[in-house]
Amino acid sequence: MPTERRHKLKLAASVLCALALAVAGCGGNSYKSKVEDAAKQFKKTSVDAGTKLRNARTKQAFAAGVNEFQGAVKTFNGKLQSLSPPSSAKAAQARLISVLNTFSADVGAVRDALNKGDVAQIRALQGRVVSDVAGVQSAAKELQSKAG
């Protein structure tokens, strides 16, 4: 795999790890503790996926890491959606789910562009992925503060 692509893959993996750490920062009452439990599992699976992405030397290995990450997002979002947030946290929870879905889709688009060898698309998506991380961090902090 060319060095430039490997650099972009490592950036994506670093972003996933940062995301996992941001989301895992909740704790407290029963709703918050349920979010914390879900976030801890998400952190573990996201870090595992990030490790696979960082170590990916082939398109197939990168795709496997992306698939694992997308599965972690789906599981985490499912757990969040199964909770009954306090009214003060409903919008923040919905926003976090939404930005995680966007982030997951953009990471998947990076995988698809890599599989097609579309370097221009990978470059275009790089900024979106970085922006997605900022959005997820912001949404996670908002949920943390609104959850009580």
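All residue numbers refer to position in the chain's written sequence, counted from 1. Where local features are concerned, this predicted model is filtered to residues with pLDDT of at least 70; where side-chain atom pairs are given and counted, the filter is 80 or more; whole-chain, interface and lining totals use all residues. Side-chain figures throughout are based on the complete set of non-hydrogen atoms in the structure, without hydrogens or water.

(A) The arrangement of the overall build of the protein in detail. Only DSSP runs of H or I covering at least 4 residues are called helices, and only runs of E covering at least 2 are called strands; the numbering of each starts at the N terminus. A tally of regular secondary structure across the protein gives five helices and zero strands. The order of α-helices and β-strands along the protein, N terminus first, is α-α-α-α-α. Remark: exposure states derive from per-residue accessible area (1.4 Å probe, protein chains only) relative to the maximum for the residue type, with buried under 20%, exposed over 50%, and partly exposed in between. Burial status across the protein gives 43% buried among its 148 residues. Contacts are assigned to residue pairs that have any heavy atoms within 4.5 Å of one another. Counting only contacts in the protein whose residues sit at least 6 apart along the sequence, the fraction spanning at least 24 positions is 74%. All accessibility values rest on the Shrake-Rupley procedure with a 1.4 Å probe; residue burial counts only the protein chains present in the view. Of the roughly 6900 Å² of accessible surface on the protein, 52% is carried by carbon and sulfur atoms.

(B) Quick peek at the nonpolar core. Counting residues in hydrophobic clusters, the biggest one holds 36 residues, and the most contacted among them are Phe76 and Leu96. Put simply, the parts of the chain that give this core at least two residues each are helix H2 (30-55), helix H3 (59-82), helix H4 (90-116) and helix H5 (119-146). Working definition of a nonpolar core: buried Ala, Val, Leu, Ile, Met, Phe, Trp, Tyr and Cys residues. They are joined through side-chain atoms within 4.5 Å.

(C) The arrangement of the packing of aromatic side chains in detail. The aromatic pairing rule takes the rings of Phe, Tyr and Trp, using the six-membered ring of Trp, and pairs them if the centres are within 6.5 Å, calling planes under 30 degrees apart stacked, those over 60 edge-to-face and the rest tilted. Under the definition given, this model contains three aromatic pairs. Seen from their ring centres, Phe69 and Phe103 are 5.3 Å apart, and the 70 degrees between their planes marks the pair as edge-to-face. Here Phe69, found in helix H3, pairs with Phe103, found in helix H4; they are 34 residues apart in sequence, far enough to count as distant. On the basis of relative accessibility, which here comes to 0%, the residue Phe69 falls in the buried class. In this structure Phe103 comes out as buried when scored by relative accessible area, which is 0%. The structure contains a cluster of three or more aromatic residues connected by ring pairs, namely Phe42, Phe69, Phe76 and Phe103.

(D) View of the side chain of Ser104. Tracing the backbone shows Ser104 in helix H4. A relative accessible area of 8% places Ser104 in the buried class. Residues in contact with Ser104, not counting those within four places in the same chain, are Phe69, Gln70 and Val73.

(E) Summary view of H2. Look at H2: 37 Å from first C-alpha to last across 26 residues, which is about the 38 Å you get at 1.5 Å a residue. Buried within H2 are the following residues: Tyr31, Lys32, Val35, Ala38, Ala39, Phe42, Ser46, Ala49, Gly50 and Leu53. One fewer than the residue count of a helix, multiplied by 1.5 Å, yields its expected span.

(F) Fine view of H4. With 27 residues, H4 should cover 39 Å at 1.5 Å per step; its first-to-last C-alpha distance of 39 Å lies within 8% of that length. Two residues or fewer past H4, Gly117 is found with a positive phi of approximately 75 degrees.

(G) View of the pattern of salt bridges. The working definition used for a salt bridge is a side-chain nitrogen of Lys or Arg within 4 Å of a carboxyl oxygen of Asp or Glu. On inspection of all chains with the given rule, the structure shows five salt bridges. A salt bridge links Lys52 to Glu68; the nearest nitrogen and oxygen atoms lie 2.5 Å apart. Residue Lys52 is found in helix H2, and its partner Glu68 is found in helix H3; the two are separated by 16 residues along the sequence. Its salt-bridge partner being Asp106, residue Arg128 comes within 2.6 Å of it at the nearest N-O pair. Of this pair, Arg128 sits in helix H5 while Asp106 sits in helix H4, and the two are 22 residues apart along the sequence.

(H) How the structure looks around the environment of Glu142. Summarising the element assignment, Glu142 is placed in helix H5. Along the backbone, Glu142 and Ala92 are 50 residues apart, and their C-alpha atoms lie at a distance of 6.0 Å. With near-sequence residues (within four places) excluded, Glu142 lies in contact with Ala92 and Arg95.

(I) The arrangement of the packing of H2 against H3 in detail. Relative to each other, H2 and H3 sit at 175 degrees, their axes nearing to 8 Å. On the basis of their axis angle, the class for H2 and H3 is roughly antiparallel. Where H2 abuts H3, its residues Val35, Ala38, Ala39, Gln41, Phe42, Thr45, Ser46, Asp48, Ala49, Lys52 and Leu53 lie against Phe62, Gly65, Val66, Glu68, Phe69, Ala72, Val73, Phe76, Lys79 and Leu80. For this scheme, ten residues count as nonpolar: Ala, Val, Leu, Ile, Met, Phe, Trp, Tyr, Cys and Pro. Four count as charged, namely Asp, Glu, Lys and Arg, and the remainder, Gly too, count as polar. Here the contact of H2 with H3 is built from residues that sort into 13 nonpolar, four polar and four charged. Note on geometry: axes are C-alpha line fits, over the in-contact stretch for helices, and angles between N-to-C directions span 0 to 180 degrees. Oblique is the label for every angle not falling under 35 degrees (roughly parallel), over 145 degrees (roughly antiparallel), or within 65 to 115 degrees (roughly perpendicular).

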